[in-house]
Amino acid sequence: MSLHIVTDDDISDGRARRGRLMIWGSLALLVVVALVQWLDRSGALDLGLTSWRPTLYAFLFFATMLCWAQVVAKGEQGKRVLFVLPAALFVGALVVFPLIFGVGIALSDWNLASPDGRQFNGLDNLRQAFADPFYLNALWNMVLYTAAIGVEYVIAFGLALLLNADIRARKFFRVAFLLPLMLSPVAVSWMIGKSMFEPRFGPMARLARELGWDTPSFFGDPTIARLMIMAMDAWTFIPFMMIMLLAGLQAIPSELREAAEVDGASPWRRFWEITFPLMLPVSITAILIRIIFKLKLADIVINITSGGPGGATDTVTSFIFREYRDRSNVGYGTMLAFIYLVLIVVAMTVLMKATERWTKPHA
Amino acid sequence: MTTASDDSQIFHDAPADRAFRPGFVLGKVGIYALLIAWAVVCLFPIYWTVTTSFKAAPDVMQGNLIPYVDFEPKRLGWRALGLSPDTIGQVSTPRQEFLRRFWNSTIISVSASLLAVVLGACAAYGLSRFQYRFGPMRNGDISFFFLSQLILPPVVLALPFLILYRELDMLDSRIGLILLYTLTVLPIVIWIMRDQFAAIPTELEEAAMVDGLGVWGAFLTIILPIALPGMVAAFILSLVLTWNEYFFAALLTSTHANTLPVMVASQTGSQGISWWSMAALSFAAILPLIAIGILLERFIIKGMAAGAVK
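Residues numbered from 1 in each chain as written. Chains lettered and ligands numbered in written order. Predicted model: local features only at pLDDT ≥ 70, side-chain atom pairs only at ≥ 80, totals over all residues.

Draft legend 1. Structural view of the overall build of chain B. When helices and strands are tallied, chain B shows 14 helices and two strands. Across the 310 residues that make up chain B, the buried fraction comes to 44%. Considering only contacts in chain B between residues 6 or more positions apart, those separated by 24 or more positions represent 70%. (Helix = DSSP H or I, 4+ residues; strand = E, 2+ residues; numbered from the N terminus. Buried ≥ 20, exposed ≤ 12 C-beta atoms within 10 Å, placed from the backbone. Contact = placed C-beta atoms within 7 Å.)

Draft legend 2. Examining the overall build of chain A more closely. Scanning chain A for helices and strands turns up 15 helices and two strands. Taking 21 Å as the expected radius of gyration for a compact globule of 363 residues, we find that chain A reaches 28 Å, considerably beyond that expectation. With the C-alpha coordinates aligned to their principal axes, the bounding extent of chain A is approximately 75 × 65 × 35 Å. Across the 363 residues that make up chain A, the buried fraction comes to 39%. Considering only intrachain contacts with a sequence separation of at least 6, the fraction spanning at least 24 residues in chain A is 67%. (Rg over C-alpha atoms; globule rule 2.2 N^0.38 Å.)

Draft legend 3. Just the nonpolar core, in detail. One finds Ala 87, Ala 160, Met 242 and Leu 245 of chain A together with Ala 123, Leu 186 and Val 189 of chain B to be the most contacted residues of the largest nonpolar core, which totals 180 residues. Element by element, the count of residues in this core is highest for helix 10 (residues 222–250) of chain A, at 17 residues. Apart from residues no more than four positions distant in its own chain, Ala 123 of chain B is found in contact with Phe 83, Val 84 and Ala 87 of chain A together with Phe 146 and Ile 190 of chain B. (Core = buried A, V, L, I, M, F, W, Y, C linked by C-beta atoms within 7 Å.)

Draft legend 4. Just the domain arrangement of chain B, in detail. Residues and elements named next belong to chain B. Annotation of chain B at the domain level lists domain 1 (22–87) and domain 2 (93–305). Spacing between the C-alpha centres of domain 1 and domain 2 amounts to 32 Å. Opposite the 14 residues of domain 1 that make contact, domain 2 presents 13 residues. Contributions of two or more residues to the side of domain 1 that touches domain 2 are made by helix 2 (23–52) and helix 4 (76–80). If you tally residues by element for the side of domain 1 that touches domain 2, the top one is helix 4, at four residues. The class makeup of the residues in the side of domain 1 that touches domain 2 is eight nonpolar, five polar and one charged. (Domains from an automatic or database assignment. Nonpolar A, V, L, I, M, F, W, Y, C, P; charged D, E, K, R; others polar.)

Draft legend 5. The arrangement of the confidence of the model for chain B in detail. Residues and elements named next belong to chain B. For chain B, per-residue confidence averages 82 on the pLDDT scale, and 88% of positions sit at 70 or higher. By mean pLDDT, helix 1 (residues 4–8) is the weakest element of chain B at 44, and helix 5 (residues 93–129) is the strongest at 91. Per-residue pLDDT stays below 50 along residues 1–9; that stretch engages in five contacts with residues further than four places along the chain or on separate chains. With pTM at 0.86, the complex prediction returns an ipTM value of 0.87. (pLDDT = per-residue confidence, 0-100.)

Draft legend 6. Representation of the interface of chain A and chain B in the model. With 91 residues of chain A at the contact, the number on the chain B side is 93 residues. Among the elements that line the side of chain A that touches chain B, the one with the most residues is helix 3 (residues 76–106) of chain A, at 14 residues. The residue inventory of the side of chain A that touches chain B, partitioned by class, reads 65 nonpolar, 16 polar and 10 charged.

Draft legend 7. Structural view of the domain arrangement of chain A. Each assigned domain of chain A is listed here: domain 1 (13–106) and domain 2 (130–359). Distance between the C-alpha centres of domain 1 of chain A and domain 2 of chain A: 41 Å.

Draft legend 8. A look at the environment of Ile 66 of chain B. Within the secondary structure layout, Ile 66 of chain B lies in the loop between helix 3 (57–62) and helix 4. Distance from Ile 66 of chain B to Thr 51 of chain B, taken between C-alpha atoms, is 7.6 Å for residues 15 residues apart in sequence.

Draft legend 9. Focus on unusual backbone geometry. The backbone phi angle of Ala 169 of chain A is positive, close to 55 degrees, even though this residue is not glycine. Among the structural elements, Ala 169 of chain A can be located in the loop between helix 6 (149–164) and helix 7 (170–182).

Draft legend 10. Expanded view of the confidence of the model for chain A. This prediction gives chain A a mean pLDDT of 85; 96% of its residues lie at or above 70. Taking the mean pLDDT of every element in chain A, the minimum, 78, falls on strand 2 (residues 119–120) of chain A and the maximum, 93, on helix 6 of chain A.

Draft legend 11. Here's a closer look at the packing of helix 1 (residues 13–42) of chain A against helix 2 (residues 53–74) of chain A. Residues and elements named next belong to chain A. Interhelical geometry of helix 1 versus helix 2 gives an angle of 170 degrees and a closest axis separation of 8 Å. Classified by the angle their axes make, helix 1 and helix 2 are roughly antiparallel. A breakdown of the residues in the contact of helix 1 with helix 2 according to their chemical character gives 19 nonpolar, four polar and three charged. (Axes fitted to C-alpha atoms, helices over the stretch in contact; angles between N-to-C directions. Parallel < 35°, antiparallel > 145°, perpendicular 65-115°, else oblique.)

Draft legend 12. Structural context of the packing of helix 14 (residues 316–327) of chain A against helix 15 (residues 330–359) of chain A. All names here are of chain A. Two elements in contact, helix 14 and helix 15, have axes whose closest approach is 9 Å; the angle formed by their N-to-C orientations is 170 degrees. The angle between helix 14 and helix 15 places the two elements in the roughly antiparallel class. Judged by residue contacts, Val 316, Ile 320, Glu 323 and Tyr 324 of helix 14 engage Val 330, Tyr 332, Gly 333, Leu 336, Ala 337 and Tyr 340 from helix 15. The class makeup of the residues in the contact of helix 14 with helix 15 is eight nonpolar, one polar and one charged.

Draft legend 13. Fine view of the environment of Asn 111 of chain A. Here Asn 111 of chain A lies in the loop between strand 1 (108–109) and strand 2. Among the residues examined, Asn 111 of chain A registers 16 C-beta atoms within 10 Å and is labelled partly exposed.

Here you go:
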């Protein structure tokens, strides 16, 4: 659905030229400033600049001029470009440039704590990464953590069905179920991970002792620790899937269910043959988005276990975080992040292609 | 008309209410039991934190749960944070620290969400109404370019940004975090707003333009007011995400621009921190979000449900 407007843009030659001048002039200024700064940094000039701020300001000036020139040079058409251009410039400057810059960092041996500064070392970091058992373990953990989404999905679907049932106080339950999502993962780490599951005085440890586990230790054993992280992350994000699934459930026309009821289908069959198939597109969208969020998991791991015991609960993000925090190893850390990015993009593309035929509405 | 299932047939609240009834398996009691059980799972940690903030050491060790019955509430935790009513008049360093972090979090999350909603709403509107060609990229590609940022894990940008901000002298500054946070929530805002604008018929703008408004005039005076609920939803969702963000804040700030999550995290690490003051701090940090969750629940749900139903 697009808007078609006939405009009689009558841009004079002078105006078009002025627009071009604004773009190229400010771009030239940006290049000159960047060049001067680079010369200053490499020692050829001595201006005493301490930061790259001037180049930043030159870029901001260029971006403003680029937007303004659209209207000057293209009139009505330019005003339309102005809707998308600021956001595109913003994302371009903050993502594309750091990514290119990051490739340079990833290909170098750069420890911020060492006095040597940056040393280009080609693909050494890549080789080191695939020989690093802790990194490979973190990658494997991400697979396990992602697999836990299956359980989260079942619980979320169940809760959505319950909330969609004929109940009183629906609003209360909805708000209560939503709250975990609102809480900051760092506060949750303390509230649940460090306080409720504290092995001596925590209420959960008490409960475990009541149930016959004499020396409860929730983050000492690798498997249990991993399950705990999964459970806490699930606690936070189940509401998210639940809300999406609930929206999907409420969009199903009730005629379908009624027709099945008239035909005498049992509720069990009604669920599997009507509700579930109709919910498939929503389910897949919810799971895909959930996977994207899961792949960013770090906060609770950093704050509760710091990846321990022995890296058993590490996610890729928390591992890289410590690589920087403990060892200031910027070059290696960036390479690890880039490997992760490539893996994610490949995996997500495959997943999205594979599920496309269920998520697209039927033609 | 004696059984529960017959009874429920009388009340048809809304079509959605009748969509699915697992009643035959579980019965009403079963449904409520499950609902209450899960509500306890969701709410108990919050209850535990609130009560712990009013406990003293013996209460914590004995695992007392119910105030006034099991133990007498004390204000140790809140006094340690400087937020107890009886000592509110005194000068308190922890309180100043807390308020500074709180203020940082507020400024950063509100500015980032506002910026993201402004940039995102414009971009989403443009993409839903006009045909673009930026070089080889057409509308579909531009949309994908924006939405694909969602897949980008923050850790990929973290270290390049660390170096970049160091060179730009922007480490430990609010503006640095604001820009990054805007970037992280922008795809979500565009995702929500695209849905919103697609639902508004183009005849509205056409009528406005016949009346002499320009493209931007029609957008600002006609379309934006209609799309306002969607924008509020996007804003609230961004606010929640940016308020809770920890990873970038921990990497890129040290003393000046610290946000609340960083403060909470730094306290958990230190040895010998008392449970009651930690509980008070955690609860004070999540309180604004609990308030938002209870008061603005429908906007949050609206935001998250966008795109779920096509």
